[in-house]
Each structure stands twice: as C-alpha cells, then as structure tokens.
Amino acid sequence: MDLLQHFRRVDGPRWLALALFTILLLPNIGLSILDPMSAGARVCNIILPASLYLLLVSVLRNPARSVWMCFPLIFLSAFQLVLLYLYGHSIIAVDMFLNLVTTNSSEALELLGSMLPAMVGVIIIFVPILYIAAVKARCSDFTLSYDFMHKMHVAGLGGALAGVICLGFCTIAGGYSVRDDLYPVNVCYNIYLAVDRSVRTAEYAETSRDYRFDAATTHPADSAEVYVLVIGETARAENFGLYGYDRDTTPRLSARQGLIAYTDAYTQSNTTHKSVPMLLSAASADDYDRIYSEKGIIAAFREAGFKTVFLSNQRPNHSFIDLLGSEAETCRFLKEELGAGDNPPDADLIEETARLLDATDDTGKRLIVLHTYGSHFRYNERYPHSSARYLPDDASEVTAANRDNLVNAYDNTIVYTDSILDALITLLDRRPAHTAMLYTSDHGENIFDDERGMFLHASPRPSPHELHVPLMIWMSDGYREAYPATDSILSANADRRVYTSASVFHTMLDLGGVSAKSYVDSLSLASPRFHSGQYHYLTDRNIAQPVEKVLNSPRGTETSLGAETEHHK
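The rules behind the values
- Residues numbered from 1 in each chain as written.
- Predicted model: local features only at pLDDT ≥ 70, side-chain atom pairs only at ≥ 80, totals over all residues.
- Heavy atoms only, no water.
- Helix = DSSP H or I, 4+ residues; strand = E, 2+ residues; numbered from the N terminus.
- Rg over C-alpha atoms; globule rule 2.2 N^0.38 Å.
- Contact = heavy atoms within 4.5 Å.
- Areas by Shrake-Rupley, 256 points an atom, 1.4 Å probe, with all protein chains shown as cover.
- Lys, Arg positive; Asp, Glu negative; His and termini not counted.
- Charge placed at Lys NZ, Arg CZ, Asp CG, Glu CD.
- Patch = residues over 30% accessible without salt bridge, like charges linked within 9 Å, V, L, I, M, F, W, Y side chains within 5 Å.
- Salt bridge = Lys/Arg side-chain N within 4 Å of Asp/Glu carboxyl O.
- Buried < 20%, exposed > 50% of the residue type's maximum accessible area, 1.4 Å probe, protein only.
- Axes fitted to C-alpha atoms, helices over the stretch in contact; angles between N-to-C directions.
- Left-handed = near helix turned anticlockwise from the far one by under 90°.
- Nonpolar A, V, L, I, M, F, W, Y, C, P; charged D, E, K, R; others polar.
- Core = buried A, V, L, I, M, F, W, Y, C linked by side-chain atoms within 4.5 Å.
- Expected span 1.5 Å × (residues − 1).
- Polar contact = N/O pair within 3.5 Å; in protein donor to acceptor, adjacent residues only side chain to side chain.
- Pairing = 2+ DSSP bridges.
- Phe/Tyr/Trp six-rings, centres within 6.5 Å; stacked < 30°, edge-to-face > 60°.
- Parallel < 35°, antiparallel > 145°, perpendicular 65-115°, else oblique.

Trainee: Would you explain the overall build of the protein chain in this entry?
Mentor: From N to C terminus, the protein chain includes 24 helices and 15 strands. Taking 569 residues into account, the globule formula puts the C-alpha radius of gyration at 25 Å, and the protein chain, at 27 Å, falls close to it. Projected onto its principal axes, the C-alpha coordinates of the protein chain cover approximately 90 × 55 × 45 Å. Taking the intrachain contacts of the protein chain between residues at least 6 apart in sequence as the baseline, contacts between residues at least 24 apart amount to 76%. Split by element, the accessible area of the protein chain, about 23,100 Å² in all, is 57% carbon and sulfur. Counting 46 positive and 66 negative side-chain charges, the protein chain places the centres of these two groups 7 Å from one another.

Trainee: What is the right way to look at a nonpolar patch on the surface in this model?
Mentor: Taken together, the side chains of Trp 68, Phe 71, Phe 75, Leu 100 and Val 101 define a hydrophobic patch exposed on the protein surface, amounting to about 490 Å² of accessible area. Elements with a minimum of two residues in the nonpolar patch: α5 (71–87) and α6 (94–102). Classification of Leu 100 by relative accessible area gives exposed; the value is 52%.

Trainee: Would you take a moment to explain the packing of helix α2 (residues 12–34) against α5 for this structure?
Mentor: Two packed helices can be described by the angle between their axes and the distance between those axes. It is at 9 Å that the axes of α2 and α5 come closest, and there the two elements cross at 35°. Remark: the crossing between α2 and α5 carries left-handed chirality. Note on element contacts: α5 touches α2 through Leu 73, Ile 74, Ser 77, Gln 80, Leu 81 and Leu 84, opposite Leu 20, Ile 23, Leu 24, Leu 26, Pro 27, Gly 30, Leu 31 and Leu 34. The residue inventory of the contact of α2 with α5, partitioned by class, reads eleven nonpolar, three polar and no charged.

Trainee: I would appreciate a short explanation of the nonpolar core in the present structure.
Mentor: Nonpolar side chains tend toward joint burial in soluble globular proteins. Grouped together as the largest cluster of nonpolar side chains are 99 residues, with contacts concentrated most on Val 228, Leu 424, Met 437 and Phe 455. When residues of this core are assigned to their parent elements, the largest contribution, twelve residues, is made by helix α18 (residues 403–429). What Leu 424 contacts, discounting residues up to four positions off in sequence, is Val 228, Val 230, Ile 350, Thr 353, Leu 370 and Met 437.

Trainee: Would you mind showing me how to read the pattern of salt bridges here?
Mentor: Side-chain pairing between opposite charges can occur once the charged atoms of the two side chains come close. A complete count under the given rule lists 26 salt bridges for this structure. Note that Arg 209 and Glu 206 form a salt bridge whose closest N and O atoms lie 3.3 Å from each other. Across the pair Asp 449 and Arg 403 runs a salt bridge, and its minimum N-O distance is 2.8 Å. Residue Asp 449 is found in the loop between β9 (446–447) and β10 (455–456), and its partner Arg 403 is found in helix α18; the two are separated by 46 residues along the sequence. Asp 449 gets classed as partly exposed once you look at its relative accessible area, which sits at 23%.

Trainee: How do you make sense of α5 when you look at a structure like this?
Mentor: In an α-helix, one turn spans 3.6 residues; hence positions three or four apart end up facing the same way. Between its first and last C-alpha, α5 extends 24 Å over 17 residues, near the 24 Å set by a 1.5 Å rise per residue. Across the 17 residues of α5, 13 count as buried, placing the element largely inside the fold. Positive backbone phi, at 80°, marks Gly 88, one or two positions downstream of α5.

Trainee: Even after reading the chapter, I still don't get the side chain of Lys 274, so can you show me in this structure?
Mentor: As for its position among the elements, Lys 274 is in helix α14 (residues 272–279). Classification of Lys 274 by relative accessible area gives buried; the value is 1%. At 3.0 Å, the side chain of Lys 274 and the backbone oxygen of Thr 539 are in polar contact. Setting aside residues up to four positions removed in sequence, Lys 274 forms contacts with Asp 95, Arg 197, Ser 269, Tyr 288, Leu 538, Thr 539, Asp 540 and Asn 542.

Trainee: Looking at this structure, I do not really get the pairing of strand β11 (residues 471–475). What am I missing?
Mentor: Both faces of the sheet carry side chains from a regular strand, because those side chains alternate between them. Among the five residues in β11, five count as buried, and that is most of the element. Of the two faces of β11, the one lined by Leu 471, Ile 473 and Met 475 and the one lined by Met 472 and Trp 474 are each fully buried. Of the pairings in the sheet, the one linking strand β3 (residues 259–262) to β11 comprises four bridges and is antiparallel in character. The residue bridging Ala 261 from the neighbouring strand is Met 472, located in β11. Across five bridges, strand β8 (residues 434–441) lies against β11 in antiparallel orientation. What sits directly across from Leu 438, in β11, is Ile 473.

Trainee: For this particular structure, what's the right way to read the environment of Pro 117?
Mentor: Looking at the secondary structure, you find Pro 117 in helix α8 (residues 116–136). Each C-alpha atom, one on Pro 117 and one on Thr 399, is 9.5 Å from the other, the two residues being 282 residues apart in sequence.

Trainee: Hey, could you run me through the pairing of β8 in this one?
Mentor: Summarising burial for β8: seven of the eight residues are buried, a large majority. Strand direction decides the pairing type here: strand β2 (residues 225–232) and β8, joined by eight bridges, are parallel. Bridged to Val 228 within β8 is Met 437.

Trainee: What am I meant to see in the packing of aromatic side chains here?
Mentor: Each aromatic ring pair is described using two quantities: the centre-to-centre distance and the angle formed by the ring planes. Overall, the coordinates contain 22 aromatic pairs when judged by the stated rule. Seen in terms of ring centroids, Phe 75 and Phe 79 are 6.1 Å apart; in terms of plane orientation they differ by 65°. Their pairing is edge-to-face. Taken together, the residues span about one helical turn, with Phe 75 and Phe 79 both in helix α5 at a distance of four residues. Given a relative accessible area of 42%, Phe 75 falls into the partly exposed group. Between Phe 240 and Tyr 243 the ring centres are 6.0 Å apart and the planes differ by 50°, which places this aromatic pair in the tilted class. Comparing Phe 240 with Tyr 243 shows no difference in burial state: the two are buried. Members of the aromatic cluster, each reached through a chain of ring pairs, are Tyr 227, Phe 301, Phe 306, Tyr 479 and Tyr 483.

Trainee: Please explain the packing of α2 against helix α3 (residues 39–57) as it appears in this structure.
Mentor: Viewed as axis vectors pointing N to C, α2 and α3 meet at an angle of 165°, and their least axial separation amounts to 9 Å. If you check the angle between α2 and α3, you find them roughly antiparallel. Read as a crossing pair, α2 and α3 show a hand that is right-handed. Note on element contacts: α3 touches α2 through Arg 42, Asn 45, Ile 46, Pro 49, Ala 50, Tyr 53, Leu 54 and Val 57, opposite Ala 17, Leu 20, Phe 21, Leu 24, Leu 25, Asn 28, Ile 29, Ser 32 and Ile 33. Partitioning the contact of α2 with α3 into residue classes produces 13 nonpolar, three polar and one charged.

Below you can see the structure in the form of structure tokens.
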C-alpha cells in the first residue's frame, strides 16, 4: 500500500507528529541505555529532551513543517544513531564533526561501507518521514487538532517541570552537567568547539608566523646525515610479530641489526588529525593548544640547516598535517597528483625517497618525513594481492562474524609495512652518510576484539587496541659508531613506557643532533633523564586526562595501565 494512501486512512498529521517526536528521542533512549550514568542522569536525559521535543512538535499546526523546522535535530539524531551502532556509546564528538571536513571523499566512501547496516537503518527510519513532510508541508488541510496540540503542550510543560526538579537533584548530588551530559545540549556545545578549532586552524599561518625554535645543529657541520621519520596509519602493536604476536607478521624487521623496538609505546590520541600533528610538533596531550602558535619539527630541522622533505600517501585535508607538512622545502601528497579513485601503495613513498636522495649529492643534512596509508580500512586494498600471506582476506561485510577474514587482511597490511620499512632501511643503509629512522603509528584499531563489538578507531572513549602502537628506531653502523652514547641510551630505554605523542618530537631532535628551545630532555628517549610520567590522554574536548578516566576497556585493563604508568615514573 502506498504510504500516502495509508495516510488518508489514518490521522496522518497526528501520526507524523508522534513519529517526529519518536525519532528525535531515539538518541536519548540509546544513550541512556548504553552510556554509563547514574539513574538520575538517565531520567534527566529522557524527561527534559522529551519535554522539549513535545513542545517543538506542537508549535506549528502542520507537523510536516515542524519536521523541516526540526531538521537540524533530525540530522543530529541520525548521526548519533550511526555512531551508537559503530561505537556502542558516547555522543557525537568534536572530532567527529572535524572528521566531516578533514576526511576526503574516497576515504569517506570506504568508511561508509563499514557502517552499511546502520546507514540502511537510518534510511528506513528517517527517509519516509522526510518524504511525507516534503509532500505535505504545503497542504493547508494537513493539520493537528487544537485538542491534540493542547495535550502535547500540557505534557511538555509538565515533563519540563519534572525534569528540572530531577536536574536539581542531579546537580546537587554532583557529577552532572547539562553542557557535558545532556543530549543534545552537549552535542551543540561540541559543534561550537569544532567551529572554534576550525577557525584557529585556519589562522595558523598568522599565529605561528613569527615563531622560532632558535635551532642549531650539535653534530659536526660537515657531517653528511639523513634522518627519516615514518608515521604509520592505524597500525596497532599487538599485531606485530616483533612484539610477540603469534603470527610472524614482521620477519624482516625482526632480523634487522641496529633496530630498537619499544614494546610499551602508547599514543595520546586515537584520531589522526590530532595524533599526527602531535608527532610532528612539540604539542602533547598536556599542552596541546601550543600547536596553534608554534611551528613543527620540520621547521626546527630547517632552522638548523637541514634540507627538509614531507611526503604523504594520503590526500591533503586542510588539517594541521597539511600545515606542518608544508613547512618543508619539498612537500608532496602523492594521491593529490592522481585520480580520485587511485590508491598508490606505500612503496611509492620509498621510490620517491630514493629518487630525491639520488638527485642530490651525499653531503649536507636532510630530514625526510613520510606519512603512509599503512593499515587504514579497507585493509585488503593496502597491499598487493599477490603478496597476501593470510587468506581469506576479502570479507564482503564488516561484521563480527567476519572477524577472522578482517584480521587476515589487517595482518597482511602489517606484513606489507614490514617490507616497506625494511626497504627504507636498506635504502638508508647504502647511503654514504650517518642515517637513522624512527617509525611509529598515529593510533591503533578495533577489529571486533571483544564483546563490545567495536570497529575502526576514533571512539570517544578509546580501547587499548587503539592506544598501543609500534615504535622503533633504526640506526646505521656509521651513526652508532659516531654517536655511541645516543645508541646506548636509546637501547637502555627500550623497555620503558613511552607516550609517542609527547616523545617523538624530542627524540627526533636528539637523534638528529638539533638543539631547540622547545626541547625537553625528560621526554626524549635519547636522554639519560628520560622518564614516562603519568599517561595522559587527549580527550575529544582537548583536555588532558589520566588515561584510566577515559579508557573504555574490560574490567582490570584500566588498573593495569595505570599501575604500569606509575611503575615507570
């Protein structure tokens, strides 16, 4: 039966008004069930928004027009339901809104495939209501009765009174904030923060223009040196054979001489657009806002007289990655030069690095930063299919039932990363210069690892799978002979807890023999005064919090992470 014909047999206006009320309230119901909160908070999160929605729905006699008046809330409702499906908890984060403007179209299409069931559900729930509203918005006879509107007004005002009383009790009891805990107020505040951050990012060229590191080289001025910082994508340490994984996913790196692997390394953010800029700058979870006024590590090396190169196998996205990368003399995004559907392998970065090195003489100092596409979903598109070691690797649906298939594909990306890094080390080892490489990943990944069913990354409350990342440093024989103290200290700190977001910048300065006013010796793995400190995670609202307060993990994991952090203080 046609939807509109059905409307002629029922009270269409009343049905549409109640349907609008229901879809607006769905996120509140979902959050109250799935998010950890007190009983009072659950009541507030249902009664107060329900009262508001009742009043909004009954403002206009034509409920079809009310639908379009409430469209911003409908959009947020659909967005929130998709994220609840994806992560199982939490409101739409600031980072989620920023992802809308920093994720390129090809990457977005890949990610949409992982959310297909949620997208289908949203279409089934929301599209019929929007369709009816579009058809009936101009119909003068499609109206609510005054009696029905009066009942909704009374119910809305009564519910608001009860909600305010409940809110008073929750506020007095403590731990409840309308701005932070009440949907959709908290989401609207997140939109404000996202806009504010976007504006501050756009002003970066001006706010950082006069910043200087006062950098200088501490190594001999005539020493030929090449340093490479490799930033991986979505690689989690637990799937590296080098770190004890039951699959030998890193056979080449495991056999490498001069390689130091740090087994206890953690990122301070599980989102690319914050974790990569922290790796490229002195900003960390404890002082992230300095990123808006200071330049990055490339600028520091450039001040010290290095030739600098930034190569990315991702597309530019108007984020700090682009801004900090563009501080290099040579800055290239390989995919920007190709078609929208082209997906070059990370091996192209190594080929381009070789070409750049071969095109110059073997004197002077160079810093090369490589940003790979690594293990980003879709996993089976990140490596040559002919080299796939673990099969099957072509899951057609992203579901927990297909986890083994997805893990096979993911592990193949790690095997490919192993070959890429090994090829880079071989390239550097052949140079008649002191050479070294530091590799780490921006964050890890969830692959339906436990009963929570989490997939991908960037969850507002991260899991350990998103935080534990690989970190390794390789030095050539010539480098280790020239700087034995650096080699010795880096090796001595291999078993220490390290927070990559805080330490990579300072470690790279030490590794390259660059002094700078931003350098902090207690954060450098090449310093005898290195110490871990407390593990702070950068929350969605850019607040540094002890990780145990934000970690979404099985019982016991939070305690173990906290305990290890204190142990390495």
